[in-house]
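Report on the structure
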Amino acid sequence: MKKLLYILPLIILFVSCNEDPSNALKEEQFKTVYGLVRTFENSQIANQIGDITKNSCTHIEALELSTYPNPTAFGVTIELNSDSKQTITFSIETALGEKQFLDSLSASSYPSPIIVPQHESYFKRELYSAEVNIGRNSIHLDLDQIGTGVYYLIYEDSEGNSDCYPLAIQRYD
C-alpha cells in the first residue's frame, strides 16, 4: 500500500505532463485560417497570403465584399453590395492560424513584420447589426476592444445567407 502511495503521484504527474496542450483548442469551436487577402487602407489589394481556398468560407460573389485594411490595428472598413433592403450582422470569431500561413504572414515585411499569436480561448462577438440599402454599402467596425490575433469576420443577413472573411489584428504595444 505504501508503494502505491509513492507511485501514484508519479503516475498522475506523468499522465498530466503527457497531455497535448493543444487538445483544449481542438475541442472548442475554433476554425482555422489558411490564408487571407492583404489590403491597404485605401482598399487596394496588396497580395494574398497563404491559401484562401482552404478557408471555411463560401464567398458569396454577389456581395462583392471587401475588407480593408487587412491586417488592421484598430478598425476595418467593409464594403458590400446588397440587392435588397435587408438586415445584416457582422460578428467576429477567434480563429487559429495554420502554421504555414502564420509563417508567410510574419515573412511579409511591409510596412513591418506581421506577427500574431495563437488564441488560447474562443469567443464570438456581434460587432454590427443594421439595415442596409440596395446598392453599395460601407460599414466601419471599431476593433479597439479586440486583441491581437487571427479572426473570422462572420457575415449574416436576414435572407439566411452567411459567409466568413479572414482578418488579422496586430498592434505594437
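Residues numbered from 1 in each chain as written. Predicted model: local features only at pLDDT ≥ 70, side-chain atom pairs only at ≥ 80, totals over all residues. Heavy atoms only, no water.

Listed in full, the buried residues belonging to helix α3 (residues 99-107) are Phe101, Leu102 and Leu105. Down the axis of α3, the smallest arc covering the buried residues is 95°, so these residues share one side. Counted as exposed and oriented over 90 degrees from the buried face of α3: Lys99, Gln100 and Ala107. Where α3 is buried, its residues contact β1 (31-33), β2 (35-39), β3 (45-50), β6 (86-97), β9 (149-157) and β10 (162-169). (Buried < 20%, exposed > 50% of the residue type's maximum accessible area, 1.4 Å probe, protein only. Helix = DSSP H or I, 4+ residues; strand = E, 2+ residues; numbered from the N terminus. Arc of directions from axis to C-beta. Contact = heavy atoms within 4.5 Å.)

What the rule picks out here adds up to three aromatic pairs. Measuring from centroid to centroid gives 5.7 Å for Phe30 and Tyr122, while their planes differ by 85°, and the two rings are edge-to-face. Taken together, the positions of Phe30 in the loop between α2 (23-27) and β1 and Tyr122 in the loop between α3 and β7 (124-132) put the pair 92 residues apart, joining distant regions of the chain. A single burial state applies to Phe30 and to Tyr122, both of which are buried. (Phe/Tyr/Trp six-rings, centres within 6.5 Å; stacked < 30°, edge-to-face > 60°.)

What follows deals with the pairing of β6. Along any regular strand, the residues point their side chains to alternate faces of the sheet. With 11 of its 12 residues buried, β6 lies for the most part within the structure. Alignment of β6 against β7, held across eight bridges, turns out to be antiparallel. Bridge pairing links Ile92 to Arg125 in β7. Note that β6 and β9 share seven bridges and pair antiparallel. Bridge pairing in β9 links Ile92 to Leu153. (Pairing = 2+ DSSP bridges.)

What follows concerns the sheet that holds strand β5 (residues 75-82). Pairing is antiparallel across the open sheet formed by three strands, whose spatial order is β4-β5-β8. Single-partner strands in this sheet number two, and they are β4 (66-68) and β8 (135-142). Across the sheet, the mean angle separating the axes of adjacent strands is 20° when strand polarity is ignored. Inspection of the sheet shows β4 paired to β5 by three bridges, in the antiparallel sense. In the strand pairing of β5, Ser66 is matched with Glu79. (Axes fitted to C-alpha atoms, helices over the stretch in contact; angles between N-to-C directions.)

Further remarks concern the nonpolar core. Leu80, Phe90, Ile92 and Leu153 are the most contacted members of the largest nonpolar core, which has 19 residues in total. Apart from the residues lying within four places of it in its own chain, the contact partners of Phe90 are Leu65, Ile78, Leu80, Glu126, Leu127, Tyr128, Ile139, Leu141, Ile154 and Tyr155. If you look at the next biggest cluster of nonpolar residues, it comprises 15 residues, including Leu36, Ile49, Cys57 and Ile154. (Core = buried A, V, L, I, M, F, W, Y, C linked by side-chain atoms within 4.5 Å.)

To continue, consider the environment of Ile169. With respect to the helices and strands, the residue Ile169 is situated in strand β10. Residues Ile169 and Ile115 lie 54 residues apart in sequence; the distance between their C-alpha atoms is 9.4 Å. Beyond its immediate sequence surroundings of up to four residues, Ile169 is in contact with Thr72, Ala73, Ile92, Val116, Leu143, Ile146, Gly147, Thr148, Gly149 and Tyr151.

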